Amino acid sequence: MTTGIDRISFYTSRYCLDLKDLAAARGVDWNKYSIGIGQEIMGIPPPDEDIVTMAASAAKPIIDEVGVEGIDLVLFATESSIDQSKSAGLFVHGLLGLPSRCRVVELKQACYSGTIALRMAAMMVAASPTSKALVLCSDIARYDLGSPGEPTQGCGAVAMLVTAKPSLLTLDPEYGAHTEDVMDFWRPNYSEEAFVDGKYSTRIYLNSAAESWRQYAELTGRSLSDFARCCYHIPFTNMAAKAHDRLLKESGIREDRKEITAAQVGESLGYNRMTGNSYSASLYEGLACLLDTATESLDNKRIGFFSYGSGSVGEFFSGVVTPGYRDHLYTDRHQTLLESRTAVTVQQYEDIFNLSVPSDGWDYSFTEYQTGDFRLAGMQAHKRMYEAVS
Ligand code: HMG
């Protein structure tokens, strides 16, 4: 029984900040952001946009196209959770009118949780091939103003429909995984911003990629040349390039590593370069970008994936692209969304960042900004109130 991704849809906020402006405001050489880190623009979520509205907006085109019938599982992956008890997916269940037979759960392990959600969904569909699962990955990346992590902020959501006989990508069963208890990046419940040991986190990421790849390669006998493309978790685009370079080095490849990396990884980076980190969604934003923009057809080609979540869990896995996949993409929608965003000034970004919303659950209405198909209208008696945008 083949299972995997039947549809993939990406959403990011309607506002963004040009990192050229941030570089000027922080007195940093722009080349550090554009060349050193590999980022150009970051997504800015307005106050009435959160992980629920972004995930529902990502999923809406899929529901509009294929309907809700047969969807009996929603797995919501996030590390920007809005409630300690209720799954964010339940709000999406309501907004999209999903069936009452559909089970909903939220999963957390930093940026890795989208991958375990995808693999669990695939296993559940394999056990019951007429059913479908919706995997939602949605996050807002937030570091202190003026911190080294600041230019790597961003936001976004990816929705994936997981089915038997998928139209986009069949997942291979094999994987390599690496888990270790480390404090490279974390966000205690009392903090809106993540704490991060930046340089250490990049070393842990690279080590996790190498260990996961070594295991996968031993298990499958595959080498990096067996992959037409590779997609990585993308906290910033140069991290993905460094990770591929490391795997090439580990595989004994001494020459042309830069060119090989550009050919195998380059086409997955374009969207992230324009949105910044979307944590759990970031790897799959890379996959959406690759499928949308690859210049040659990827029909029947094998793609390698490295998923990383700080703390840390890493997994290398793979999948094979379904022939005819190009007929099932939302390329125009994704590209229009990225091109039609409203640029904010550094002052407007800082005002949004610093906006203090009551955290005591008292009634509150959010000013209406541009959002996707849904917005967070306010709080009433400790309840989050969402609405569709007409
Ligand atoms: P930093 O210390 O400000 O930067 O922060 P740097 O001094 O290391 O410079 C970065 C790169 O720019 C370097 O290149 C410089 O040489 C280069 P590299 O040595 O790395 O190849 N550079 C320049 N290039 C051209 N022109 C110039 C110039 N100046 C410098 N003028 C850091 C960098 C990544 C540490 C910071 O942004 C940070 O803390 N980010 C957040 C943490 C992060 O993203 N970690 C990644 C791995 S962990 C992960 O991916 C998980 C995560 O997504 C969370 C989760 O799992 O939930 C974060």
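Residues numbered from 1 in each chain as written. Predicted model: local features only at pLDDT ≥ 70, side-chain atom pairs only at ≥ 80, totals over all residues. Heavy atoms only, no water.

Draft legend 1. Highlighting the site of the ligand. Around the ligand, a shell composed of 27 residues is seen, among which Lys32, Glu79, Cys111, His233 and Lys242 lie nearest. Between an oxygen atom of the ligand and a side-chain N or O atom of Glu79, the distance comes to 2.4 Å. Between the ligand and Ser201, the relevant distance is 2.8 Å, taken from a nitrogen atom to a side-chain nitrogen or oxygen of the residue. For the ligand, the accessible surface in isolation is 1,100 Å², of which the surrounding protein chains cover 74%. Contributing elements (two or more residues each) for the shell around the ligand: helix H2 (30-37), helix H6 (198-220) and strand S12 (302-309). In terms of residues, the shell around the ligand owes the most to one element, H6, which gives five residues. The class makeup of the residues in the shell around the ligand is 11 nonpolar, 11 polar and five charged. (Near = heavy atom within 4 Å. Polar contact = N/O pair within 3.5 Å; in protein donor to acceptor, adjacent residues only side chain to side chain. Areas by Shrake-Rupley, 256 points an atom, 1.4 Å probe, with all protein chains shown as cover. Helix = DSSP H or I, 4+ residues; strand = E, 2+ residues; numbered from the N terminus. Nonpolar A, V, L, I, M, F, W, Y, C, P; charged D, E, K, R; others polar.)

Draft legend 2. Main features of the sheet that holds S12. Read from one edge of the open sheet, nine strands run S5-S4-S6-S7-S1-S8-S13-S12-S11, paired in mixed fashion. Each edge of the sheet is formed by a strand with only one pairing partner; in this case those strands are strand S5 (103-107) and strand S11 (229-232). Averaged over all pairs of adjacent strands, the angle between strand axes in this sheet comes to 25 degrees, irrespective of strand direction. Bridge count between strand S6 (residues 132-141) and strand S7 (residues 154-164): nine bridges; the pairing is antiparallel. Along S7, the bridge assignment pairs Leu134 with Leu161. Strand contacts of helix H7 (residues 237-250): S11 and strand S13 (313-321), with the helix running at about 125 degrees to S11, the strand carrying the most contacts. (Pairing = 2+ DSSP bridges. Axes fitted to C-alpha atoms, helices over the stretch in contact; angles between N-to-C directions. Contact = heavy atoms within 4.5 Å.)

Draft legend 3. Local environment of the pairing of S11. Side chains Arg229 and Cys231 project from S11 onto one buried face, and the interleaved Cys230 and Tyr232 project onto a second face that is buried too. Bridge count for S11 against S12 is four bridges, and the pairing is parallel. Bridging from a neighbouring strand, Cys230 pairs with Gly304 of S12. (Buried < 20%, exposed > 50% of the residue type's maximum accessible area, 1.4 Å probe, protein only.)

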